[in-house]
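Inside the fold
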Amino acid sequence: SANRGLVWTTVLTNVGALTRGRNGMLWATRDDRVAPASFQPRSIYRSIASDGGVSWTLMGTDTDAGVGGVMTKYTQIRVDPNNAARIMAVGGRATNTMRYAFSSDTGATWRFASGPMSFREGLAIDGNFINMEAGGDGRFIIGLSQANGLAKFIYVTDDASLTQDANWIQKYTVVTTAVTNGWVDSVRAGANLYFAGNGGGAANAVDGRVVQSLNNGDTWTPFTGDDRSDIMAITWHGGSSTLIIGR
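Structure report, in brief. Values in this document were obtained by computation on a predicted structure and should not be read as measured data. (Residues numbered from 1 in each chain as written. Predicted model: local features only at pLDDT ≥ 70, side-chain atom pairs only at ≥ 80, totals over all residues. Heavy atoms only, no water.)

1. Points about the sheet that holds strand S16 (residues 221-222)
Hydrogen bonding along the main chain pairs the strands of a sheet, whether they run parallel or antiparallel. One open sheet holds the four strands; their spatial order is S13-S14-S15-S16, and the pairing between them is antiparallel. Single-partner strands in this sheet number two, and they are strand S13 (182-189) and S16. Inspection of the sheet shows strand S14 (residues 192-198) paired to strand S15 (residues 210-213) by four bridges, in the antiparallel sense. Along S15, the bridge assignment pairs phenylalanine 195 with valine 211. (Pairing = 2+ DSSP bridges. Helix = DSSP H or I, 4+ residues; strand = E, 2+ residues; numbered from the N terminus.)

2. As for the nonpolar core
Ranked by internal contacts, the top residues of the largest apolar core, which has 17 residues, are Met88, Val90, Met98, Tyr100, Ile142 and Trp168. Of all elements in the fold, only strand S6 (87-92), strand S7 (98-103), strand S9 (131-136), strand S10 (139-145) and strand S11 (151-157) reach the threshold of two or more residues within this core. With residues near it in sequence (within four places) discarded, isoleucine 142 still touches Met88, Val90, Met98, Ile130, Asn131, Met132, Phe153, Ile154, Tyr155, Trp168 and Phe195. Counting residues in hydrophobic clusters, the runner-up holds 12 residues, among them Trp27, Ile44, Ala89 and Ala101. (Core = buried A, V, L, I, M, F, W, Y, C linked by side-chain atoms within 4.5 Å. Buried < 20%, exposed > 50% of the residue type's maximum accessible area, 1.4 Å probe, protein only. Contact = heavy atoms within 4.5 Å.)

3. Some words on the pattern of salt bridges
Within the structure shown, the criterion is met by six salt bridges. For aspartate 62, the salt bridge identified is with arginine 99, shortest N-O distance 2.9 Å. With aspartate 62 in the loop between strand S4 (57-61) and strand S5 (73-79) and arginine 99 in strand S7, the pair connects residues that are 37 residues apart, well separated along the chain. Owing to a relative accessible area of 2%, aspartate 62 belongs among the buried residues under this scheme. When its relative accessible area of 11% is taken as the criterion, arginine 99 is described as buried. Salt-bridge contacts for arginine 86 lead to aspartate 80; the nearest nitrogen and oxygen are separated by 3.1 Å. The buried category is assigned to aspartate 80, whose relative accessible area is 1%. A cluster of three or more residues bridged by salt bridges with shared partners is formed by Arg139, Asp158, Lys171 and Asp218. (Salt bridge = Lys/Arg side-chain N within 4 Å of Asp/Glu carboxyl O.)

Taken by themselves, the reported measurements are silent on function.
Structural data, given as structure tokens:
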């Protein structure tokens, strides 16, 4: 849209995630199959800054077939705020593992790999509840949720080009006594990071929490006195320095 949303033109279909780098480039994930059995984006596209999102170029495709031909679902994509050449996309697989794509050369080449949950924890993850933020200088912060809904985790990587057994560090864990829905959203507010979890019901209010990091993801603190079971979205209004939670 070129008129503040009054009129829209479709330029890319089946989009799973969309983001913009500080250099103005737009990045998107999408499903390129002609007749997909389900909505599962697996390719990465780029639109240059001067184009304004009118035209898109295919930059990389993950050919991982998963189980029974079910492909990777890339539902998050972020660009390093300090180096626009670094891009990462993440999503879930049919095998309940995380899949990610990483480029350090503005999309010319990609590393496609799995991790870290099933590798480090021996646990299956829920691909519907994966969130990610870019921390800068090569750091990406990812929130993952256990498939049975009993735990949520936050991992960081400072070099996604490394092998999966060396590049993921667990920074936060919350273990619950009842089934929860996992991380539903995340946002960067200046130097601070916020991840929002959904407790899955009133009985799980203490587990539907917002956690914050004031040091780029190294340590995390849950908000106290305002735990919610029905959080669905979180965003930051920079003009008024206000954190906004959608329920």
